[in-house]
Amino acid sequence: MTKDLTHGGAIDLVQAAYPNAPAPWIDLSTGINPWPYPNVSRQPSALNRLPTEAAMTACRTALATSLGVSPDAVLLAPGSELLIRLLPQAIQPHRVAIVSPTYSDHKAVWTRAGAEVIDIDDPRHAASDVDAIVLTHPNNPAGRVFDRSVLEATRENMAARRGWLILDEAYADLMPDCSLADLSGQAGLIILRSFGKFFGLAGLRLGAVLAPDSVCETLREILGVWPVSGAALEIGARAYADTVWQDETRQALRAAATQLDGILARGGLAPAGGTDLFRFVNTNDAYAVFDRLAQAGIYVRRFDWSREHLRFGLPANAEEERRLADALSL
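To keep things clear, this report deals only with the structure shown in the data block. (Residues numbered from 1 in each chain as written. Predicted model: local features only at pLDDT ≥ 70, side-chain atom pairs only at ≥ 80, totals over all residues. Heavy atoms only, no water.)

Let us now look at the environment of Val281. Within the secondary structure, Val281 is located in strand β10 (residues 278-282). The sequence separation of Val281 and Ala270 amounts to 11 residues, and the corresponding C-alpha distance is 5.4 Å. Setting aside residues no more than four positions away along its own chain, Val281 makes contact with Leu264, Leu269, Ala270, Ala272, Glu308, His309, Leu310 and Phe312. (Helix = DSSP H or I, 4+ residues; strand = E, 2+ residues; numbered from the N terminus. Contact = heavy atoms within 4.5 Å.)

Moving on to a nonpolar patch on the surface. Together, Leu50, Val225 and Trp226 make up an exposed nonpolar region whose accessible area comes to about 360 Å². Residue placement: Val225 occurs in the loop between α8 (213-223) and α9 (230-241). (Patch = residues over 30% accessible without salt bridge, like charges linked within 9 Å, V, L, I, M, F, W, Y side chains within 5 Å. Areas by Shrake-Rupley, 256 points an atom, 1.4 Å probe, with all protein chains shown as cover. Salt bridge = Lys/Arg side-chain N within 4 Å of Asp/Glu carboxyl O.)

Read across the sheet, 4 strands follow the order β9-β10-β13-β12 without closing on themselves; strand pairing throughout is antiparallel. Each having just a single partner strand, β9 (270-275) and β12 (301-303) make up the two edges of the open sheet. Adjacent strand axes in the sheet meet at a mean angle of 25 degrees when their direction is disregarded. Pairing geometry for β10 and strand β13 (residues 306-313), over 5 bridges, is antiparallel. The residue bridging Phe278 from the neighbouring strand is Gly313, located in β13. (Pairing = 2+ DSSP bridges. Axes fitted to C-alpha atoms, helices over the stretch in contact; angles between N-to-C directions.)

Moving on to the side chain of Thr275. Mapped onto the secondary structure, Thr275 falls in strand β9. Taking relative accessible area as the criterion, Thr275 reaches 4% and is therefore assigned buried. At 3.1 Å, the side chain of Thr275 and the backbone nitrogen of Leu277 are in polar contact. With residues near it in sequence (within four places) discarded, Thr275 still touches Pro138, Asn139, Gly143, Tyr171 and Leu174. (Buried < 20%, exposed > 50% of the residue type's maximum accessible area, 1.4 Å probe, protein only. Polar contact = N/O pair within 3.5 Å; in protein donor to acceptor, adjacent residues only side chain to side chain.)

Moving on to the packing of aromatic side chains. By the definition in use, this model includes 13 aromatic pairs. Ring pairs connect the aromatic residues Tyr37, Phe195, Phe198, Phe199, Tyr240 and Trp245, which therefore count as one cluster. Here Arg307 stacks its cationic end above the ring of Tyr287, 3.9 Å away from the centre of that ring. The aromatic ring of Phe278 is capped on one face by Arg311, whose charged end is 5.0 Å from the ring centroid. (Phe/Tyr/Trp six-rings, centres within 6.5 Å; stacked < 30°, edge-to-face > 60°. Lys NZ or Arg CZ within 6 Å of the ring centre and 35° of its normal.)

Fair warning: the whole summary comes from geometry, so function is off the table for now.
Here is the structure:
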């Protein structure tokens, strides 16, 4: 089993590693909504001409309106993953604290950029000692959420030192009340937003950064003139404005996550956190459970930093739930 399989979404690699597993594979590794936003039809012009400034403005405004922020504080990009990798160029901190465990690419990116990186478990523990604090909120993979007053105080402390609180809000659409988006544009705060996870359209590659003008302008120069495809802008504008679908989807995901809890519990896996798009569990030998599930054609998320934890995305239908339950009972 290669180390690559510790990263979610590598369905081609896991299929190659387990060629005798039954098909179709069930990919529960990514924490992406298995019931994507349905209204994705687009005009041919979105594909056969360059994206227009009007389309960019419409998508940015729809996102800003849904979050209750000024469009001036929003910069669209082809996914939040790219923004994670560009932030070192935009703010160039020397010492970065990362609230861990978390999405592994954060640490990898800052380390490659030459920053001194330290792991912490609470943003309050480092606000006076570092140039930037990185926090996924709600946390991935454990789903931990901090009280808003803690995050506001941390932002104020970092801003006073000309530092940054960087919030990766990839899963904040599930829990809008935990977001600091309403503070967008204030000093010391950078927020990354992901479209693909909640809306279930990860392949569209759409994301955003909410930040002060100086950061947005630096990133805008790096990203260039047409950073987001016309199709992504058109679909994103429609989805961000569809608040009815968003509200109904939050309810549906909550019910599906509760259903998954029962399957995992009957399979002997103890809950350790998560969000309504994934569950984080404890187990005595996570790699053995990963292997057993992969042999059954089910791909879940394991971690190179722990042999006692796994993360499960939501099964898409009753058949996937049955196969997962059967594999866990073996």
